[in-house]
Amino acid sequence: GAILAMAQKGDYDLNNPRTIEDEETLNEILAAPAEERSDLMLEAMMEQWRNKSIQEPYEPGSVFKIITAAIALEENKVSSSYSCSGTWKISTQTGHCWKHSGHGEQTFAKALQNSCNLAFAKIGLKMGGETFYNYCSAFGLMETSGVDLPGEASGVFHAREHLVDTAQYGTSYLISTSFGQTVKVTPMQLVRAVSAVVNGGYLLKPYIVSQVLDPDGNVVSRNERTVVRQVISEATSQTMCGLLESVVTDGTASNGKVVGYRVGGKTGTAEKIDVRDENGQGTRDKIVSFVGIAPIDDPQYVVLIALDTPGNTGQVISGGVMAAPTVAAVFEDIL
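Read on for an overview of the structure. (Residues numbered from 1 in each chain as written. Predicted model: local features only at pLDDT ≥ 70, side-chain atom pairs only at ≥ 80, totals over all residues. Heavy atoms only, no water.)

Here we look at the overall build of the chain
Next up, step 1: Within the chain one finds 14 helices and 11 strands.
Next up, step 2: Taking 2.2 N^0.38 as the reference for a compact globule, 335 residues should give roughly 20 Å; the C-alpha atoms of the chain span a radius of gyration of 21 Å, in line with that estimate.
Next up, step 3: Counting only C-alpha atoms and orienting by the principal axes, one finds that the chain spans roughly 60 × 60 × 40 Å.
Next up, step 4: Of all 335 residues assigned to the chain, the portion counted as buried reaches 42%.
Next up, step 5: A fraction of 67% describes how many contacts in the chain between residues 6 or more apart in sequence connect residues 24 or more apart.
Next up, step 6: In the form shown here, the chain has an accessible surface area of approximately 16,600 Å², with 48% of it arising from carbon and sulfur atoms.
Next up, step 7: Positive and negative charge centroids in the chain, built from 26 and 39 side chains respectively, lie 9 Å apart. (Helix = DSSP H or I, 4+ residues; strand = E, 2+ residues; numbered from the N terminus. Rg over C-alpha atoms; globule rule 2.2 N^0.38 Å. Buried < 20%, exposed > 50% of the residue type's maximum accessible area, 1.4 Å probe, protein only. Contact = heavy atoms within 4.5 Å. Areas by Shrake-Rupley, 256 points an atom, 1.4 Å probe, with all protein chains shown as cover. Lys, Arg positive; Asp, Glu negative; His and termini not counted. Charge placed at Lys NZ, Arg CZ, Asp CG, Glu CD.)

Spelled out as structure tokens, the structure:
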């Protein structure tokens, strides 16, 4: 439950918070008509002060499959085998797995290792919208976490009927949510939910301040581990730890390995489907991420790195290639 570190780039100088740190933004303001500059400066200051970890919901992408997998295991909605041809047609909806050639026949564990969208679409349909919605709510994805910081947002989730009433709304809401698209969560909400998956199943209240002292050094107040509710069983949590370790050892997150330590985790690459260019057309911008847990045999730390619209570096734009190595580097420092 303790938040040990929280950071974002770009940032600003806390000693000079009214200085616009982004040169491009500053130059645009200075080039604007004089009567508009004051409002533009204020807008730019507010933007750079935003704490993205608690105030900026985003589509988590395949990292969300951790939640879907945990629910399926808890509710015994897991099949022995999933077939992926790369494309699917369910009711009136067609779609593609991220691997257009398909993953073939795969077990549940392999589907998580492969981050197979088709398998998780089937998992979401099998568990049903009512069950899925209730668990997502229990995992804290429709509420603020209560962390001791100002201005926390609660994310954006579908109304219950969009997932439950497939006769009226079809299956697209349920399918896309099952692999982490069309809903938005804050990084804080996601880290909190993943913690609950691996810590024995307990949703905790996160905190920044560990204790407050008076001038004489006496403890006035203290924040400690606070359980909000148990979401999944300890047995399911233990199974999920093993599965998430296999994603690092045998799946898409091999770049998250740390020599000498057992690490679990999940990659994510989410399209920013609500972002439009100046012509109103959808962009192909992405947020790539990796959430790691270590040591996975006795979880102590959860680390999430999310990269918003990474530039063209010649790398494949994916969480496994871009974000996982950074999480591994963080674990090398703290373990």
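With respect to the environment of Val228
Next up, step 1: Note that Val228 resides in strand 8 (residues 227-230).
Next up, step 2: For Val228, a relative accessible area of 38% gives the class partly exposed.
Next up, step 3: The sequence separation of Val228 and His103 amounts to 125 residues, and the corresponding C-alpha distance is 39 Å.
Next up, step 4: Setting aside its immediate chain neighbours within four residues, Val228 contacts Arg192, Leu203, Leu204 and Lys205.

Observations regarding the packing of helix 4 (residues 65-74) against helix 11 (residues 187-198)
Next up, step 1: For the pair helix 4 and helix 11, interaxial distance at closest approach is 10 Å and the crossing angle is 35°. Every pair of crossing elements has a handedness; the one defined by helix 4 and helix 11 is left-handed. Between helix 4, through Ile66, Ile67 and Ala70, and helix 11, the contact on the second element is made entirely by Ala193, Val194 and Val197.
Next up, step 2: Its residues assigned to classes, the contact of helix 4 with helix 11 comprises six nonpolar, no polar and no charged. (Axes fitted to C-alpha atoms, helices over the stretch in contact; angles between N-to-C directions. Left-handed = near helix turned anticlockwise from the far one by under 90°. Nonpolar A, V, L, I, M, F, W, Y, C, P; charged D, E, K, R; others polar.)

Some thoughts on the sheet that holds strand 11 (residues 301-308)
Next up, step 1: Read from one edge to the other, the open sheet built from three strands follows the order 9-10-11, with strand pairing classed as antiparallel. Two strands close off the open sheet at either side, each with one partner strand: strand 9 (264-271) and strand 11. Strand-to-strand twist across the sheet, computed as the mean angle between neighbouring axes with direction ignored, equals 10°.
Next up, step 2: Where helix 14 (residues 324-334) meets the sheet, its contacts fall on strand 10 (286-294) and strand 11, and the angle it forms with strand 11 comes to roughly 145°. (Pairing = 2+ DSSP bridges.)

Quick notes on the packing of aromatic side chains
Next up, step 1: For the structure on display, the rule yields three aromatic pairs.
Next up, step 2: On the numbers, 6.2 Å between centres and 70° between planes, the contact of Tyr133 with Phe157 is edge-to-face. Remark: Phe157 occurs in the loop between helix 7 (129-138) and helix 8 (160-164) and Tyr133 occurs in helix 7; sequence separation between them is 24 residues.
Next up, step 3: Residue Tyr133 is classed as buried on the basis of its relative accessible area of 14%.
Next up, step 4: Residue classification places Phe157 among the buried positions, given a relative accessible area of 16%.
Next up, step 5: Both rings, one in Tyr169 and one in Tyr173, keep their centres 6.3 Å apart while their planes meet at 80°; by these two values the pair is edge-to-face.
Next up, step 6: For Tyr169, a relative accessible area of 28% translates into the label partly exposed. (Phe/Tyr/Trp six-rings, centres within 6.5 Å; stacked < 30°, edge-to-face > 60°.)

As for the layout of surface pockets
Next up, step 1: Empty space within the largest pocket amounts to approximately 1,600 Å³.
Next up, step 2: Lining the largest pocket are 44 residues, and of these Ala5, Ser53, Pro187, Val191 and Leu304 lie nearest its centre.
Next up, step 3: If you list the elements that add at least two residues to the lining of the largest pocket, you get helix 3 (52-55), helix 11, strand 5 (202-204), strand 11 and helix 14.
Next up, step 4: The element best represented in the lining of the largest pocket is strand 11, accounting for eight residues.
Next up, step 5: Taken together, the residues that form the lining of the largest pocket break down as 27 nonpolar, six polar and 11 charged.
Next up, step 6: Estimated volume of the second largest pocket: approximately 890 Å³.
Next up, step 7: Taken together, 33 residues line the second largest pocket, and the ones lying closest to its centre are Cys97, Trp98, Asn117, Thr269 and Glu271.
Next up, step 8: Counting residues per element, the ones that place at least two in the lining of the second largest pocket are strand 3 (93-96), strand 9 and helix 13 (319-322).
Next up, step 9: Take the lining of the second largest pocket: its biggest share by element is six residues, from strand 9. (1 Å grid on protein atoms, 1.4 Å probe; cavity = no way out; pocket = protein on both sides within 12 Å on 5 of 7 lines; lining within 4 Å. Points joined across faces, edges and corners; volume = space filled by probe spheres on them.)

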